[in-house]
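Structure at a glance
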Amino acid sequence: MAGERPTTSERATLDPFDALAGDVPPRDQRDLMERPFFSLAKAKRVTPILYQAGATQVQVYAVPEHGMATIWDADVLIWAASQILAAQDRGLPTSRFFRFTPYQLLIAIGRATGNREYHLLKGALTRLQSTVIRTTIRHGEHWRRQQFSWINEWEELTTRVGRCEGMEFVLPEWFHQGVLDRRLVLAIDPAYFALSGGIERWLYRVARKHAGRQRDGWRFELRHLHAKSASLARFSDFALDIRRIVARQPLPGYLLALERHDGRELILMRPTLSTDPVDKLCNPSPAIGTSGATDIGISGASLSGLRAHRLPPSRSPNNESGAPKDSKSDSKFFVVGKASRAGKPGRHSVRRRERTP
């Protein structure tokens, strides 16, 4: 829509941050790696995610017209976090108000830069804005639930002949604060963006978050992992996907193996010894990490509500860079729904604003 920026726009109160040119090391936000905030399927998902782990709750709701933001859409947030931290490293001011070109973003996340990718990017921004998140993560001393969308507002900046010269968006305060706290951020392998499957992308983020650079890695029971993913796939289909991923070994920097204990199937995520750490925040530990463990990472849970026991301090996972450890005390998971398979503007610019219905 052509016209002046409305005075109610949040951007009117924020200084713009122009995205950095050149290569920027990718960084991911721990909370997004730990909890099920995104759909793992390329097909539209409208079924909400309702997740609870101890006192931590995550609820994700989609607008039927657009569907829930996907793990591929989350690449936009990884790029934004990477830009903010790289600017800080260079002593530059940052802001929640981003200005950039589609080319900058697409190149950084390993995408092509044609017309199709440009339209897919607009779809991603639309889903990120229309998806609603309610969570108690980082609620501080006083319990509270926060509600936000991954992007508060966005615009494409085009010439009168329809050529896109740039884009703008505003990040929510919750995400921005989680990036500014460097204890809540991890560097990731740039090869992550080449992973094509939703489950393998999610599995990499889980491995990076939990196994980190611990020499002996981290174990999950598959049923625990299934509930933790909030996937709508049946457990049998999910487990089959995991076995195929283990056979292919696609995760950069990690080796995967399947184990059986007392009739229960577990996956072991272990960093490759030949791979240098992607950042210097990790302190290798000889302890073998487990999740949902009574002994060796096995949860005594039923399908209807997975219950995992808090690990004793001696068995706690590597807490890289001193980050909070609440992510390892998962106690209950609920997934709702039926199982199924799953830059700056030019002189003559027109602003097109995308709003959620």
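Above this text you will find the structure in question.
For the structure given in this document, a descriptive report is provided here.

How each quantity is defined
- Residues numbered from 1 in each chain as written.
- Predicted model: local features only at pLDDT ≥ 70, side-chain atom pairs only at ≥ 80, totals over all residues.
- Heavy atoms only, no water.
- Core = buried A, V, L, I, M, F, W, Y, C linked by side-chain atoms within 4.5 Å.
- Buried < 20%, exposed > 50% of the residue type's maximum accessible area, 1.4 Å probe, protein only.
- Contact = heavy atoms within 4.5 Å.
- Pairing = 2+ DSSP bridges.
- Helix = DSSP H or I, 4+ residues; strand = E, 2+ residues; numbered from the N terminus.
- Axes fitted to C-alpha atoms, helices over the stretch in contact; angles between N-to-C directions.
- Salt bridge = Lys/Arg side-chain N within 4 Å of Asp/Glu carboxyl O.
- Phe/Tyr/Trp six-rings, centres within 6.5 Å; stacked < 30°, edge-to-face > 60°.

**Some points on the nonpolar core**
Grouped together as the largest cluster of nonpolar side chains are 78 residues, with contacts concentrated most on W150, F169 and L225. Residues within four places of W150 in sequence aside, it is in contact with L32, F37, F38, A69, L77, L128, T131, I133, L171, P172 and W174.

**Focus on the sheet that holds strand β4 (residues 56-61)**
Read across the sheet, four strands follow the order β3-β4-β6-β7 without closing on themselves; strand pairing throughout is antiparallel. Since the sheet does not close on itself, it has two edges, and those belong to β3 (49-53) and β7 (146-148), each with one partner. Strand-to-strand twist in this sheet, taken as the mean axis angle between neighbours without regard to direction, amounts to 10°. Where β3 and β4 come together, five bridges link them in antiparallel fashion. What sits directly across from Y51, in β4, is V58.

**Overview of unusual backbone geometry**
Even without being a glycine, Q249 presents a positive backbone phi close to 50°. Residue placement: Q249 occurs in the loop between α8 (235-248) and β12 (254-261). Phi at D262 is positive, roughly 50°, even though this residue is not glycine.

**Structural notes on the pattern of salt bridges**
A complete count under the given rule lists 18 salt bridges for this structure. The partner of D89 in a salt bridge is R27, with the nearest N and O atoms 3.1 Å apart. On the criterion of sequence distance, the pair formed by D89 in helix α2 (residues 75-89) and R27 in strand β2 (residues 27-29) is long-range, its members being 62 residues apart. Where E200 meets R248, a salt bridge forms, and the shortest distance between an N and an O atom there is 2.7 Å. With E200 in helix α6 (residues 198-210) and R248 in helix α8, this pair connects stretches of sequence that are 48 residues apart.

**Observations concerning the packing of aromatic side chains**
Under the criterion given, the structure shown has 16 aromatic pairs. For the ring pair F37 and W174, a centre distance of 5.9 Å and an interplane angle of 55° mean the geometry is tilted. Of this pair, F37 sits in the loop between α1 (30-34) and β3 while W174 is found in helix α5 (residues 173-180), placing the two residues 137 residues apart along the sequence. Comparing F37 with W174 shows no difference in burial state: the two are buried. On the basis of an interplanar angle of 75° and a centroid distance of 5.5 Å, the ring pair of F148 and W150 is categorised as edge-to-face. The residues F148 and W150 share a single accessibility class, namely buried. An aromatic cluster of at least three residues, connected via ring pairs, comprises F17, W79, F98, F100 and F169.

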